[in-house]
Amino acid sequence: RMDLMTPAQASAATTAGEALLIDVREADETARARIPGATIIPMSELIDRLAEVPRDRTVVFVCHSGGRSENVCQYLEANEGFTGLVNLEGGIVAWSQAGLPIEQ
């Protein structure tokens, strides 16, 4: 089972420079709302853009509610040799509900 971070934990880790947030939602979704500072790599482009996913620091994946980002973590750990990936619990929905910043 992969690691989970709450929005508050993920915000603190990214603010401290300890983690990178990668949003795997598609362009139409990120155009409506995104987490400031998050790297956008849509799930449909992920395999072609694996070089952009660091292997030497904590990476927190985010989607709408946590399902796709969980799948991404599982795939990368099972098939691409990544370790220590983290899923943002509840996705951008939970991030917003926690009162954390969103760009629209």
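Here's what I pulled together on the structure shown here.

Analysis parameters
- Residues numbered from 1 in each chain as written.
- Predicted model: local features only at pLDDT ≥ 70, side-chain atom pairs only at ≥ 80, totals over all residues.
- Heavy atoms only, no water.
- Disulfide = S-S within 2.5 Å.
- Helix = DSSP H or I, 4+ residues; strand = E, 2+ residues; numbered from the N terminus.
- Expected span 1.5 Å × (residues − 1).
- Buried < 20%, exposed > 50% of the residue type's maximum accessible area, 1.4 Å probe, protein only.
- Arc of directions from axis to C-beta.
- Contact = heavy atoms within 4.5 Å.

Some points on the state of the cysteines
As used in these notes, a disulfide is a covalent bond between sulfur atoms, one from each of two cysteines.
Okay, step 1: Taken as a whole, this structure holds zero disulfides when the rule is applied.
Okay, step 2: Left without a disulfide partner, Cys 63 is nearest to the cysteine sulfur of Cys 73, which lies 9.4 Å away.

As for helix H3 (residues 67–79)
Okay, step 1: The first and last C-alpha atoms of H3 sit 18 Å apart over 13 residues, in line with the 18 Å expected at 1.5 Å per residue.
Okay, step 2: Along H3, the positions that sit buried rather than exposed are Ser 69, Val 72, Cys 73 and Leu 76. The buried residues of H3 occupy an angular sector of 100° when the element is viewed end-on, so they sit on one face.
Okay, step 3: Next to the buried residues of H3 lie strand E4 (58–62) and strand E5 (85–88).

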